[in-house]
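If you want the building blocks of each chain, they are given just below.
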Amino acid sequence: MKVLVIGGGPAGLTAAGTLASNGLEVALVERDYTLGGMAKELTCKGITECRDCGVCFAIDRAAEAVRTPGIEVFLSSEITSLEKTNEGFKAKIRSSARFVTHNCIGCNNCVEVCPVEGKAIFAPSGSGQPRTYWIDRKRCLHFKKSKCEECAKACPTKAIDFSDRAKNVTRTVSKVVLATGIEPFDAQELPRLACGTTSDVISSVDAERIINEEGRLKRPSDGVVPKTVAMIQCVGSRNEKTGIGYCSKFCCKYGTKIAQLIMEGSPEMDLDFYFMDLRTLYEPQEDFKKWAVAMKRKVEKKKVPRVRLIRCMPSLAYPGEDGKIWLRSSGETDAEVMETPYDMVILSVGMRPRGVPEDIASRLGLAFDDNGFARCQDEEGDPVVIVLGAMSEPMDIEETVTRAMAAAATPRKEAGE
Ligand SMILES: Cc1cc2nc3c(=O)[nH]c(=O)nc-3n(C[C@H](O)[C@H](O)[C@H](O)COP(=O)(O)OP(=O)(O)OC[C@H]3O[C@@H](n4cnc5c(N)ncnc54)[C@H](O)[C@@H]3O)c2cc1C
């Protein structure tokens, strides 16, 4: 029996691995150039000790999927049609050309010699697996008059293949696992918080990327480690005006871990952590509160706090003439207006479910709730379609993986009973 898994994030990867270990064949279709989903864009949250953020677990599943013989991985691919048959579904998969073969060893020589401004050959984003590079045909000079071949000349493993073309294949499958995941809230949708207009106001997605690439938090404007940082939780979340009236569940978990991570790496830093309420999932929030209280520095023989937990939602961020970013908030009293300067502001964003193309959704008999989370229309009656991961409701990596393992290991009918 063959199973089609759509989406190569933590949910799809776990399902694919579990199915393959039970002897089933899997066709894993991922839209991106590499596997890992949102987790590949995230940083490990522990320096001196593991903080159980789950990121490495997801990346390890991606590396395993590439090596598992029972899993056929289709990268930079999408389902172009899905036809119901007596046996299940006939799926047409289109994979776009990447012009770099899996001989690529990621040495980066190609990027260094690429003459295009902004480059035309790229490493896959974040820590996704496999690490095979790809060429953007629209930018690459080889496909223009000059027929440039600098990257091919610099490649030690002859991995550049300009003759690569898009491929269409068909697979007949008896089950479909849908795991197309999340889209982080775009903080620029709230212009009053100045993300996108003030370079040192960044979203948590940017913060994760910067820490992953630089090893610590640095300001985008000048590369300097900030001394005063504000983190604002629930940006875009639990807010009917953004259409995300729900709690994304994982932001307090990652926000508190990022707070600890950046403070650990920078003893000169002070942090104000703005929140509505702390929902740290399975982890006791008391531990975070105790950590915050214990973070002190000595100033003239007195110990002064380095971390302040402030229960309020700042209403405005704006650049001051002093080069600082000023936050306007009500403080904890709700009665006064405070203006506080910072070197950098991080907006902790939540998520929206990523949709699936309409025709595929209707072929699979999916329904969507008011928030866009997907459900199988007939959970009891249709054992061939399984919806997994954060496209079904907000969940962190740990919950995503646990649920995906259970669903992929258990025949659907039993799982529903
Ligand atoms: C800023 C931020 C920080 C976070 N930090 C943490 C953390 O520290 N710890 C934690 O546990 N959780 C964290 N999370 C949550 C975590 O990212 C999610 O729990 C997890 O990614 C959900 O996995 P998923 O597989 O359901 O979805 P995703 O990770 O979104 O994966 C879905 C995959 O499907 C692919 N896809 C989408 N549409 C298609 C299509 N039509 N065809 C083919 N492929 C498709 C996507 O490209 C993607 O690879 C964080 C989230 C954010 C936004």
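Please read all numbers here as calculations on a predicted model, not as lab measurements.

### A look at the overall build of the chain
Helix and strand content of the chain: ten helices and 24 strands. Relative to its length of 417 residues, the chain is compact, with a C-alpha radius of gyration of 23 Å against a globular reference of 22 Å. Once the C-alpha set of the chain is aligned to its principal axes, its extents read approximately 75 × 60 × 40 Å. For the chain, the share of sequence-separated contacts (at least 6 apart) that also reach a separation of at least 24 residues comes to 65%. A total of about 19,900 Å² of accessible surface is found on the chain, and carbon and sulfur atoms cover 51% of it. Distance from the positive charge centre (58 side chains) to the negative charge centre (59 side chains) of the chain: 4 Å.

### Focus: the packing of helix H5 (residues 204-214) against helix H6 (residues 251-265)
Packing of H5 against H6 brings their axes to within 12 Å, and their N-to-C directions diverge by 40°. The orientation of H5 with respect to H6, classified from their angle, is oblique. Of the two possible hands of crossing, H5 and H6 adopt the one that is left-handed. Seen from H5, the contacting residues are Ser204, Glu208 and Ile211; seen from H6, they are Tyr254, Ile258, Leu261 and Ile262. Its residues assigned to classes, the contact of H5 with H6 comprises five nonpolar, one polar and one charged.

### What about the site of the ligand?
For the ligand, the set of nearby residues contains 32 residues, the closest of which are Glu30, Lys45, Cys53, Met395 and Ile397. Within the side chain of Lys45, one N or O atom sits 2.8 Å away from an oxygen atom of the ligand. At 2.8 Å, a backbone N or O of Ile397 approaches an oxygen atom of the ligand. Taken by itself the ligand offers 1,000 Å² of open surface, and the protein chains cover 98% of this. Here the ligand occupies the largest pocket. Ranked by the residues each element gives to the shell around the ligand, the list is headed by H5, at three residues. A breakdown of the residues in the shell around the ligand according to their chemical character gives 15 nonpolar, nine polar and eight charged.

### Regarding the pattern of salt bridges
Across all of its chains, the model carries 30 salt bridges by this definition. As a salt-bridge pair, Arg297 and Asp270 come within 2.5 Å of each other at their nearest N and O atoms. Remark: Asp270 occurs in strand S13 (residues 270-274) and Arg297 occurs in strand S14 (residues 296-299); sequence separation between them is 27 residues. The partly exposed category is assigned to Asp270, whose relative accessible area is 26%. Three or more residues joined by partner-sharing salt bridges are found here, namely Lys2, Glu25, Glu72 and Arg171.

### Let's talk about the packing of aromatic side chains
Taken as a whole and judged by the stated rule, the model has ten aromatic pairs. Considering the side-chain rings of Phe143 and Phe162, the 6.0 Å spacing of their centres and the 80° angle between planes classify their relative orientation as edge-to-face. Placement of the pair is Phe143 in the loop between strand S7 (134-135) and helix H4 (150-154) and Phe162 in the loop between H4 and strand S8 (167-173), with a sequence separation of 19 residues. Assessed through its relative accessible area of 22%, Phe143 is described here as partly exposed. When its relative accessible area of 13% is taken as the criterion, Phe162 is described as buried. Both rings, one in Phe273 and one in Phe275, keep their centres 6.3 Å apart while their planes meet at 40°; by these two values the pair is tilted. Phe275 shares its class with Phe273; the two are buried. Cluster of aromatic residues (ring-pair linked, three or more members): Phe273, Phe275, Phe288 and Trp291.

### What to know about the layout of surface pockets
Roughly 920 Å³ of internal volume is contained in the largest pocket. Forming the walls of the largest pocket are 49 residues, and the residues nearest its centre are Gly37, Met38, Thr180, Gly181 and Ile182. Where the lining of the largest pocket is concerned, the elements lending two or more residues are helix H1 (10-21), strand S4 (77-84), strand S10 (182-184), H5, H6 and helix H9 (397-409). Per-class residue counts for the lining of the largest pocket are 25 nonpolar, 13 polar and eleven charged. For the lining of the largest pocket, the two domains that each supply at least three residues are domain 1 (2-96 + 166-181 + 354-416) and domain 2 (185-351). As a volume, the second largest pocket reaches approximately 400 Å³. Mapped by element, the contributors of at least two residues to the lining of the second largest pocket are strand S3 (71-74) and S8. Its residues placed into classes, the lining of the second largest pocket shows eight nonpolar, five polar and five charged.

Rules behind the numbers
Per-chain numbering applies: the sequence of each chain, read as written, is numbered from 1 onward. Residue-level local features of this predicted model are given only where pLDDT is at least 70; pairs of side-chain atoms are given and counted only at 80 or more, and the full residue set underlies all totals for whole chains, interfaces and linings. The side-chain values count all of the structure's non-hydrogen atoms but skip hydrogen atoms and water molecules. Helix and strand assignments come from DSSP, with helices taken as H or I runs of at least 4 residues and strands as E runs of at least 2, each series counted from the N terminus. Each radius of gyration reported is based on C-alpha atoms, and the globular scaling rule is 2.2 Å times the count of residues to the power 0.38. Any two residues having at least one pair of non-hydrogen atoms within 4.5 Å are treated as being in contact. Note that accessible areas follow from Shrake-Rupley with a 1.4 Å probe, and for residues the cover is restricted to the protein chains shown. Neither His nor the chain ends is counted toward charge; the positive residues are Lys and Arg and the negative residues Asp and Glu. All charge positions are set by atom: Lys at NZ, Arg at CZ, Asp at CG, Glu at CD. Fitting a line to C-alpha atoms yields each axis, with helices limited to the stretch in contact; the angle taken between N-to-C directions then spans 0 to 180 degrees. When describing relative orientation, an angle under 35 degrees is termed roughly parallel and one over 145 degrees roughly antiparallel, while 65 to 115 degrees is termed roughly perpendicular and anything else oblique. Should the near helix be turned anticlockwise from the far one by less than a right angle, the crossing is termed left-handed; should it be turned clockwise, right-handed. Under the convention adopted here, Pro, Cys and the residues Ala, Val, Leu, Ile, Met, Phe, Trp and Tyr are nonpolar, Asp, Glu, Lys and Arg are charged, and Gly plus all remaining residues are polar. The nearness test applies per residue and asks whether one of its heavy atoms lies within 4 Å of the molecule or strand. Polar contacts here mean pairs of N or O atoms no more than 3.5 Å apart (in protein, one a potential hydrogen donor and the other a potential acceptor; neighbouring residues in sequence count only if both atoms are side-chain atoms). Think of a 1 Å grid over just the protein atoms. A cavity is a set of points where a 1.4 Å probe fits yet cannot get out, a pocket is an open set with protein on both sides within 12 Å along at least five of seven lines, and lining residues have an atom within 4 Å of a point. Throughout, a molecule is located in a cavity or pocket provided that more than half of its atoms lie within 2 Å of its grid points. Take a side-chain nitrogen of Lys or Arg and a carboxyl oxygen of Asp or Glu: if they are within 4 Å of each other, that pair is a salt bridge. Burial classes follow relative accessibility: with a 1.4 Å probe on protein chains only, a residue under 20% of its type's maximum area counts as buried, one over 50% as exposed, and anything between as partly exposed. Note on aromatic contacts: the rings of Phe and Tyr and the six-membered ring of Trp form a pair at centre separations within 6.5 Å, being stacked when their planes are under 30 degrees apart, edge-to-face when over 60 apart, and tilted otherwise. Grid points are joined across faces, edges and corners, and a volume is the space filled by probe spheres set on the points. Note that the domain bounds reflect an automated or database-derived domain assignment.

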